Amino acid sequence: MGAHARGPANLRLVWVYPDLLSTYGDRGNLLVLERRARLRGIGVEAVSVNSDQPVPRYGDIYLLGGGEDLPQVLAARRLRADGGLAAAAAQGSVVFAVCAGYQLIGTEFGGDEGQPVAGLEMLDIRSGRGERRGVGEILADVDPALGVPRLSGFENHQGVTQIGPGARPLARVLTGVGNGDGTEGAYADRVLGTYMHGPALVRNPALADLLLTWAVGELPPLDGEYEAWTTRFREQRLAAVPVS
Amino acid sequence: MGKLPMRARVATTLGGAAGRMSRLAGRGDGSVIGGVIGLRVEPGLLSLLAADRQIVLVTGTNGKTTTTRLISSALSALGEEVASNAFGANMEAGLAAALGQSPEAPYAVLETDEKYIPAVLRATNARVVALLNLSRDQMDRAAEIWLLARRWREAFEAAPDCRVVANVDDPLIAWAASGAHQVTWVAAGQRWHEDSWCCPRCGSHLRRDDLGWRCHECEFSRPSARWVLDGSSVIDSAGRVTELGLALPGRANRSNAVMALAVAEVFGVDPAAALQKMRSVTSVAGRYTQVERDGRQVRLLLAKNPAGWLEAFDVLEPAPVPVLLSVNAQVPDGRDTSWLWDVDYRVVRDRPVFVSGERGLDLAVRLEADGVPFQMVSGIDDAVSRVSPGGTLDVIANYTAFQQIRTAVGRAA
């Protein structure tokens, strides 16, 4: 639990800059975390923070979504100036970042003209622009240390990412592109990023639960109607995508 | 057609023959294959076919097919033939086929895919481009929308003879259109705001109020409009208020109609005459069609992306009329269903909801997260059988799911 954690009765979710970083279904990650916490009797306070507002430092889990090149550059500039997100992460808050959000929490990423842009330096990764766009289903096996089963997602990006010594790859790619070197995503402490875009946590409930556990501690397993549909959906997606 | 060079005539004739054969073989309306063959024979075919005609291009994320139809109807008040790709074949081949099929038409209204606007504008030297709206859509294959808006803007800067008719309530559209030499601004409304929270010029957060939107950093703001949609009426430039009285349902179609009136004005069509023609449009390529199925009324609504779903919900019959939601993820739909999470499904909580489609499970998980009770069904007939005889069923489906349901109910319109 982070030094600022407020116990299971009050989980604070902060969606960072949905006005700039919400290209395609990113709200799904917020809704899934909220739903999975509430089903376990945890009270949730979810806030969306736009780019003209300060980022609060009291959040338990921060979410960053995908975005086009120009909004990504603007978001990085504003988040650096604001300082709230990096401060919260330094205090032990959980950060889950997707696609453009994943790139911008690193040390550097490729801007709208391919120029290097300074990131938030919250994760030891460095990103640039690849030769071609990776678009399609992605399957990847997660670092066994995290105890999360195979990831299923959809990626749509032209980024390539190198992971430095201060971070570890989240997963090994079975199908798809990911970071571009056979790995996918990265994590260090409680900061985790992935190229699975949009509602990545919907297909990967165990990853959602890992983030929740980091924020509030051990959780009971879920059953019931919600989990039954989620399981069927996840199994259908895993069966539909061949391991290449 | 007498003015066309020989190769263009050959290209058009071959294309026309291929289109007829395709229709006879039951492969759709044949317009695309005709155009493809024609363009292979003469790559400059679109320019040649467009020469000496007054051309309108219609583009935007939602409402292209319907607005194209409304503008064609309005221009028919001029008493001359109007060429059009009425069935939504909106890339170069479909456009060439539409012009080739109506060689004598002095006017053409062409629905154009968003990505093709710069090339088609150059090729056709269009008199008018109508810009409806721009929002997230099929992101696995479509261009990103800020990038699209920038390309459009550059294309308009290079086309001094073109008048852009643009919706001022969509900031991205307003920014793209403000690069044009001639603009007619239309306050056509835009309920979907999720892709326009930030200033397209400088990226700052936009402020919105009853009067529109404004950037506080760079002062880019909503232009004042010549035509205004106000509820179910239109206010024209002289301040006259006229009830639209369309047969087509919903706010989105009233928005499309006001855009069509502004385009018709460019060609000197009297608004009253244009409206009279537009009121006779009842269904467009199967959309809004009502058919009887097994003693129940079934109404078909197409929604392909989050902004489209928002507008489709607006057209639903009041609760407790049930609704079938059907989603596929084939190539024309976009292979990525992430967009489901950008739609707020809580609005259908108050009625029976049926779910079908190749990606019905994606939808099931989505509805569950929103706390919307639903029943999974095997298809349209299963859903119909769960509606009381004599009752009504609304259907909202995305592109290929819509086509499948339309085929199942027998292409009644």
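Owing to the predicted nature of the structure, the values given are computational and were not obtained by experimental measurement.

A. Structural detail: helix α1 (residues 27-38) of chain A. Residues and elements named next belong to chain A. End to end, α1 covers 17 Å across 12 residues, agreeing with the expected 16 Å (1.5 Å per residue, within 8%). Burial analysis of α1 places nine of its 12 residues in the buried class, the great majority of the element. Three or more residues of α1 are buried, namely R27, G28, N29, L30, V32, L33, R35, R36 and A37.

B. Molecular detail of the environment of Y17 of chain A. Residue and element names in this part refer to chain A. Note that Y17 resides in the loop between β1 (11-16) and α1. As for Y17 and L30, which are separated by 13 residues in sequence, their C-alpha atoms are 13 Å apart. Excluding residues that lie within four positions of it along the chain, Y17 makes contacts with V49, N50, S51 and A75.

C. A look at the sheet that holds strand β15 (residues 353-356) of chain B. All names here are of chain B. Read from one edge to the other, the open sheet built from six strands follows the order β12-β13-β17-β14-β15-β16, with strand pairing classed as mixed. This sheet does not close on itself; its edge strands, each paired only once, are β12 (290-293) and β16 (375-376). Contacts from helix α12 (residues 360-369) reach β14 (323-326), β15 and β16, with the element oriented near 145 degrees to β15.

D. Expanded view of the nonpolar core. Counting residues in hydrophobic clusters, the biggest one holds 214 residues, and the most contacted among them are V16 and L211 of chain A together with V56, A74, A166 and V186 of chain B. A domain-level breakdown of this core finds at least three residues from each of domain 1 (42-278) and domain 2 (290-408) of chain B. Excluding anything up to four places from it in sequence, V16 of chain A contacts L21, V49, V55, Y62, L63, L64 and L85 of chain A.

E. Representation of the packing of α1 of chain A against helix α6 (residues 205-216) of chain A within the structure. Residues and elements named next belong to chain A. Close contact between α1 and α6 brings their axes to 10 Å; oriented N to C, the two are set at 70 degrees. In terms of their interaxial angle, α1 and α6 are classed as roughly perpendicular. Of α6, the residues touching α1 (which contributes V32, L33, R36 and A37) are P205, A208, D209, L211 and L212. Partitioned by chemical class, the residues of the contact of α1 with α6 number seven nonpolar, no polar and two charged.

Thresholds, definitions, all that
- Residues numbered from 1 in each chain as written.
- Chains lettered and ligands numbered in written order.
- Predicted model: local features only at pLDDT ≥ 70, side-chain atom pairs only at ≥ 80, totals over all residues.
- Helix = DSSP H or I, 4+ residues; strand = E, 2+ residues; numbered from the N terminus.
- Expected span 1.5 Å × (residues − 1).
- Buried ≥ 20, exposed ≤ 12 C-beta atoms within 10 Å, placed from the backbone.
- Contact = placed C-beta atoms within 7 Å.
- Pairing = 2+ DSSP bridges.
- Axes fitted to C-alpha atoms, helices over the stretch in contact; angles between N-to-C directions.
- Core = buried A, V, L, I, M, F, W, Y, C linked by C-beta atoms within 7 Å.
- Domains from an automatic or database assignment.
- Parallel < 35°, antiparallel > 145°, perpendicular 65-115°, else oblique.
- Nonpolar A, V, L, I, M, F, W, Y, C, P; charged D, E, K, R; others polar.

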